[in-house]
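Listed here are the chains, written in short residue letters.
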Amino acid sequence: KQEVTQIPAALSVPEGENLVLNCSFTDSAIYNLQWFRQDPGKGLTSLLLIQSSQREQTSGRLNASLDKSSGRSTLYIAASQPGDSATYLCTIVADMGGSEKLVFGKGTKLTVNP
Amino acid sequence: NAGVMQNPRHLVRRRGQEARLRCSPMKGHSHVYWYRQLPEEGLKFMVYLQKENIIDESGMPKERFSAEFPKEGPSILRIQQVVRGDSAAYFCASSLGQGVQPQHFGDGTRLSIL
């Protein structure tokens, strides 16, 4: 059974700090891994998607890495800003029960203090 | 707005009533997914549909819940005889296809059962 775990559950940092969010998954047979951002009362905004054959993706101040063999991914946020405050969700796409599904972690709630 | 549209944004029902949640996928997308987010929990897959077909409903409760994606019109998630435990945020996502194609999410419907 595929499970996704995110550590820490919550993180509070001062503005300007670089930070790393961690994600682990139990089965390395994945199609891709995706990081989302969820703001309170809102839907999910896709940040970065890493295909299973890739090792990292970058977008602006965000960098996501993928190590399939160890079942780990990290999301690196450089020079954090108060606007980065949100819950960050790690998801993997895996073949489970005949169709491909997103399996979500519970998220890391990030607070960036001005 | 070319994104995934869900309505209503908020829905309040009394125990025993029916709830109908609607999702219009992004233009050109024929794959629709429904997820449920219970309070303090991660998102959980419910059902995956293509036009007029249910592909995978392994995440759907066996009773009271049903989903459809007709040839014309939005996808509908229907919950009959709602109970307090159905209170959650229900998210819809759509994609062009499976695997490497990313899923795009709507803002969700917050269902509250009185």
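Residues numbered from 1 in each chain as written. Chains lettered and ligands numbered in written order. Predicted model: local features only at pLDDT ≥ 70, side-chain atom pairs only at ≥ 80, totals over all residues. Heavy atoms only, no water.

Caption draft 1: Expanded view of the interface of chain A and chain B. Counting from both sides, the interface comprises 22 residues of chain A and, opposite them, 21 residues of chain B. For the pair chain A and chain B, the two sides together bury roughly 1,600 Å², of which 51% comes from carbon and sulfur. Interface area lost by chain A to chain B is led by Glu100, Leu102 and Phe104 of chain A, which between them contribute 27%. Between chain A and chain B we count two salt bridges in total. Joining chain A to chain B, the criterion identifies six residue pairs in polar contact (both at pLDDT 80 or more). Listing elements by their share of the side of chain A that touches chain B, those giving two or more residues are strand E4 (32-38), strand E5 (44-51), strand E9 (86-96) and strand E10 (99-104) of chain A. Looking at which element gives the most residues to the side of chain A that touches chain B, the answer is E10 of chain A, with five residues. Split into classes, the residues belonging to the side of chain A that touches chain B amount to nine nonpolar, nine polar and four charged. (Contact = heavy atoms within 4.5 Å. Buried area = accessible area lost by both parts, 1.4 Å probe. Salt bridge = Lys/Arg side-chain N within 4 Å of Asp/Glu carboxyl O. Polar contact = N/O pair within 3.5 Å; in protein donor to acceptor, adjacent residues only side chain to side chain. Helix = DSSP H or I, 4+ residues; strand = E, 2+ residues; numbered from the N terminus. Nonpolar A, V, L, I, M, F, W, Y, C, P; charged D, E, K, R; others polar.)

Caption draft 2: Summary view of the packing of aromatic side chains. Residues and elements named next belong to chain B. As enumerated under the stated definition, the model contains seven aromatic pairs over all chains in all. Aromatic side chains Tyr33 and Tyr48 sit 4.7 Å apart centroid to centroid with 5° between the ring planes, which places their arrangement in the stacked category. Here Tyr48 lies in strand E5 (residues 43-50) and Tyr33 lies in strand E4 (residues 31-37), a separation of 15 residues in the sequence. Given a relative accessible area of 1%, Tyr33 falls into the buried group. Ring geometry for Tyr35 against Phe45: centres 6.1 Å apart, planes inclined by 75°, an arrangement best described as edge-to-face. Taken together, the positions of Tyr35 in strand E4 and Phe45 in strand E5 put the pair 10 residues apart, joining distant regions of the chain. We classify Tyr35 as buried; its relative accessible area is 0%. (Phe/Tyr/Trp six-rings, centres within 6.5 Å; stacked < 30°, edge-to-face > 60°. Buried < 20%, exposed > 50% of the residue type's maximum accessible area, 1.4 Å probe, protein only.)

Caption draft 3: The sheet that holds strand E8 (residues 72-77) of chain A, seen in detail. All names here are of chain A. Strands sit in the order E1-E3-E8-E7-E6 across an open sheet of five strands; the sheet is antiparallel. The sheet is open, and its two borders are formed by strand E1 (4-7) and strand E6 (56-59), each paired with just one other strand. Mean inter-strand twist for the sheet, computed between neighbouring axes without regard to direction, equals 15°. Two strands pair when backbone bridges link them, and E6 and strand E7 (residues 62-67) are joined in this way by four bridges, in the antiparallel orientation. In the sheet register, Thr58 faces E7, and the bridge partner there is Asn63. (Pairing = 2+ DSSP bridges. Axes fitted to C-alpha atoms, helices over the stretch in contact; angles between N-to-C directions.)

Caption draft 4: Highlighting the state of the cysteines. Residues and elements named next belong to chain A. Summed over all chains, the structure comprises two disulfides over all chains. Bridging Cys23 to Cys90, the disulfide has an S-S length of 2.0 Å. Because the sign of the S-S torsion sets the handedness, a value of about -65° for the bond joining Cys23 and Cys90 places this disulfide among the left-handed ones. One end of the pair, Cys23, is in strand E3 (residues 19-25); the other, Cys90, is in strand E9, and 67 residues separate them in sequence. (Disulfide = S-S within 2.5 Å.)

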